[in-house]
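So the chains spell out like this:
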Amino acid sequence: MFLVLFAGKCSKDRYAANREEMVKDQIISRGIQDSATLHSMRKVPRHKFVPPEFVGYAYDDTPLPIGSEQTISQPYIVALMTELIAPRKGQKILEVGTGSGYQAAILAEIADTVYTIEILPELSESAAERLKNLGYRNINVKCGDGYAGWKEAAPFDAIIVTAAAEDIPQPLIDQLKDGGVMVIPVGPMMSVQALTVIKKQGRDIKKETVLPVRFVPLIRSK
């Protein structure tokens, strides 16, 4: 089961200055330059994607818990992963690990269509409702095992995996378009992983390590 949502505009709010400060001090200062990424980070209301008790910390330079032992990533990491896949108009992007829906919203402000998979039903349902209420209509939310990707919607121009895998899922590589790019944290669970960029050119798969990161594990179906 999945829900189809559509992209809308997020109205201005009293947190606009917080977002601008976040982008300036946490993102641009660390070298993020892609204009579409910066615009999206300035626009999407991150405070809408965290539990009420953490709203006051929504624009801090840190990940935050969102329930079910999951987190919303640090703003810089969200921006970095977005810039690494270089999303643009006309593209179809897959996200594995919906969480609160924040990364999906960032991508939806840029690309034409976003497909996002979350294995935990409670997070999948709440993210779908949240994105709907915010007016996003080009996001498809599915509850399922992200390791297997979304074969029915493939191929994808780009894939973002927002949970750590011990190995790179072959189904996700198979579902990348020729010329597509994927970014994924790879490494042991509950330890330091390597944020890895995979570029697909025909049968040639190129891998590049970007920086050490810590992500929650990619949960598999039993």
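Report on the accompanying structure. All values reported here derive from a predicted model rather than from experimental measurement.

Cut-off values and rules
Residues numbered from 1 in each chain as written. Predicted model: local features only at pLDDT ≥ 70, side-chain atom pairs only at ≥ 80, totals over all residues. Heavy atoms only, no water. Core = buried A, V, L, I, M, F, W, Y, C linked by side-chain atoms within 4.5 Å. Buried < 20%, exposed > 50% of the residue type's maximum accessible area, 1.4 Å probe, protein only. Contact = heavy atoms within 4.5 Å. Helix = DSSP H or I, 4+ residues; strand = E, 2+ residues; numbered from the N terminus. Salt bridge = Lys/Arg side-chain N within 4 Å of Asp/Glu carboxyl O. Expected span 1.5 Å × (residues − 1). Arc of directions from axis to C-beta. Phe/Tyr/Trp six-rings, centres within 6.5 Å; stacked < 30°, edge-to-face > 60°.

1. Focus: the nonpolar core
Part 1 of the reasoning: Judged by nonpolar contacts, the single largest core of 50 residues is most densely connected at Ile-27, Met-41, Phe-49, Ile-85, Tyr-102, Tyr-136 and Ile-139.
Part 2 of the reasoning: Residue contacts for Met-41: discarding those within four places in its chain leaves Arg-19, Met-22, Val-23, Ile-27, Pro-75, Val-78, Ala-79, Tyr-102 and Ile-106.
Part 3 of the reasoning: Counting 22 residues, the second-largest nonpolar core is a separate cluster that includes Trp-150, Phe-156, Ala-163 and Ile-173.

2. What about the side chain of His-47?
Part 1 of the reasoning: If you trace the backbone, His-47 turns up in the loop between α2 (35-43) and β2 (64-67).
Part 2 of the reasoning: Taking the relative accessible area as the measure of exposure, His-47 reaches 9% and is therefore buried.
Part 3 of the reasoning: Apart from the residues lying within four places of it in its own chain, the contact partners of His-47 are Asp-13, Tyr-15, Arg-19, Val-55, Ala-58 and Tyr-59.

3. Looking at the pattern of salt bridges
Part 1 of the reasoning: Tallied over the entire structure, the rule returns six salt bridges.
Part 2 of the reasoning: The residue Asp-61 makes a salt bridge to Arg-30 at a minimum N-O spacing of 2.7 Å. Here Arg-30 lies in the loop between α1 (16-27) and α2 and Asp-61 lies in the loop between α2 and β2, a separation of 31 residues in the sequence.
Part 3 of the reasoning: Notably, a salt bridge pairs Arg-220 with Asp-145, separated by 3.1 Å at the nearest N-O pair. Residue Arg-220 is found in the segment after β10 (204-213), and its partner Asp-145 is found in the loop between β6 (139-143) and β7 (156-161); the two are separated by 75 residues along the sequence.
Part 4 of the reasoning: In this structure Asp-145 comes out as buried when scored by relative accessible area, which is 17%.

4. Digging into α1
Part 1 of the reasoning: In this model α1 runs 15 Å from its N-terminal to its C-terminal C-alpha over 12 residues, within 8% of the 16 Å that 1.5 Å per residue would give.
Part 2 of the reasoning: Arg-19, Met-22, Val-23, Gln-26 and Ile-27 are the residues of α1 that are buried. With its buried residues spanning 110° around the axis, α1 presents them on a single face. With respect to the buried face of α1, the exposed residues turned more than 90 degrees away are Ala-17 and Lys-24.
Part 3 of the reasoning: Buried residues in α1 make contact with α2, α3 (75-85) and α4 (102-108).

5. What to know about the packing of aromatic side chains
Part 1 of the reasoning: Scanning the model with the defined rule gives four aromatic pairs in all.
Part 2 of the reasoning: An angle of 65° between the planes, with centres 5.5 Å apart, marks the rings of Phe-49 and Tyr-102 as edge-to-face. Here Tyr-102 lies in helix α4 and Phe-49 lies in the loop between α2 and β2, a separation of 53 residues in the sequence. In terms of burial, Phe-49 and Tyr-102 fall into one category: buried.
Part 3 of the reasoning: Look at Tyr-115 and Trp-150: their rings are 4.9 Å apart centre to centre, the planes differ by 80°, and that puts the pair in the edge-to-face class. Remark: Trp-150 occurs in the loop between β6 and β7 and Tyr-115 occurs in strand β5 (residues 113-118); sequence separation between them is 35 residues.
Part 4 of the reasoning: By relative accessible area, Tyr-115 is classed as buried at 16%.

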